[in-house]
Amino acid sequence: MAIQRTFSIIKPDATRRNLTGKITARFEDAGLRIVASIAHLAHELGMDIVAEGIEEEAQMEALRDLGCQLGQGYFMSKPLPGDEALKLIESAPRW
């Protein structure tokens, strides 16, 4: 059986109103296990992972530990106009 995929990135949302939002300082077991399963599946399929909606450092660290290569959210920056976003990118911040 051949599997045809048409995408190369998976993007779980880490906001509180979604299942990965359970990844907080308390590390809700069920939410963390679901996200870990998604990350494992993405890695097995050779996909990159972009974690969306990161609001807390604990979320970022947990997602990084699960192998999420990229992330976005209010922890890094609020939405910015294009010129300000470019300045932020050019400053090469490390979170």
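Everything that follows concerns the structure shown earlier in this document.
A brief report on the enclosed structure follows. Computed from a prediction, not measured in an experiment: that's the story for all the values here.

### Observations concerning the overall build of the protein chain
Next, step 1: A count of helices and strands for the protein chain gives 3 helices and 3 strands.
Next, step 2: In the protein chain, the succession of α and β elements from N to C terminus is β-α-β-α-β-α.
Next, step 3: Buried residues in the protein chain amount to 26% of all 95 residues.
Next, step 4: If you take every contact in the protein chain between residues at least 6 apart in sequence, the share linking residues at least 24 apart comes to 50%.

### With respect to the nonpolar core
Next, step 1: If you look at the biggest cluster of nonpolar residues, it comprises 11 residues: V35, A39, A42, M47, I49, A51, I54, M60, L63, C68 and M76.
Next, step 2: Counting only elements with at least two residues in this core, the list comes to helix 1 (29-44), strand 2 (48-51) and helix 2 (57-65).
Next, step 3: Examining the composition of this core, we find that 3 residues originate from one element, helix 1, more than from any other.
Next, step 4: Leaving out residues up to four positions away in the same chain, A39 has contacts with I49 and L66.

### What to know about the layout of surface pockets
Next, step 1: When its volume is computed, the largest pocket comes out at roughly 580 Å³.
Next, step 2: Considering the residues around the largest pocket, the lining is formed by 27 residues, among which G71, Q72, G73, M76 and W95 are closest to the centre.
Next, step 3: When residues of the lining of the largest pocket are traced back to their parent elements, those giving at least two are strand 2, helix 2, strand 3 (70-71) and helix 3 (82-90).
Next, step 4: By residue class, the composition of the lining of the largest pocket is 15 nonpolar, 7 polar and 5 charged.

### Comments concerning helix 2
Next, step 1: Within helix 2 the residues assigned to the buried category are Q59, M60, A62 and L63. Angularly, the buried residues of helix 2 cover 165 degrees about the axis, an arc narrow enough to put them on a single face.
Next, step 2: Positioned one or two residues after helix 2, G67 has a phi angle of 95 degrees, which is positive.

### Observations regarding the environment of C68
Next, step 1: Along the chain, C68 turns up in the loop between helix 2 and strand 3.
Next, step 2: Under the relative-accessibility criterion, C68 is labelled buried at 11%.
Next, step 3: Linking C68 and A51, residues 17 residues apart in sequence, is a C-alpha distance of 6.4 Å.
Next, step 4: The residues contacting C68, other than those within four sequence positions of it, are I49, A51 and L63.

### Quick word on the pattern of salt bridges
Next, step 1: On inspection of all chains with the given rule, the structure shows 1 salt bridge.
Next, step 2: For the salt bridge of E61 with R64, the shortest nitrogen-to-oxygen distance reads 3.2 Å. One end of the pair is E61 and the other is R64, both in helix 2 and 3 residues apart, which spans about a single turn.
Next, step 3: Taking relative accessible area as the criterion, E61 reaches 30% and is therefore assigned partly exposed.

Analysis parameters
Residues numbered from 1 in each chain as written. Predicted model: local features only at pLDDT ≥ 70, side-chain atom pairs only at ≥ 80, totals over all residues. Heavy atoms only, no water. Helix = DSSP H or I, 4+ residues; strand = E, 2+ residues; numbered from the N terminus. Buried < 20%, exposed > 50% of the residue type's maximum accessible area, 1.4 Å probe, protein only. Contact = heavy atoms within 4.5 Å. Core = buried A, V, L, I, M, F, W, Y, C linked by side-chain atoms within 4.5 Å. 1 Å grid on protein atoms, 1.4 Å probe; cavity = no way out; pocket = protein on both sides within 12 Å on 5 of 7 lines; lining within 4 Å. Points joined across faces, edges and corners; volume = space filled by probe spheres on them. Nonpolar A, V, L, I, M, F, W, Y, C, P; charged D, E, K, R; others polar. Arc of directions from axis to C-beta. Salt bridge = Lys/Arg side-chain N within 4 Å of Asp/Glu carboxyl O.

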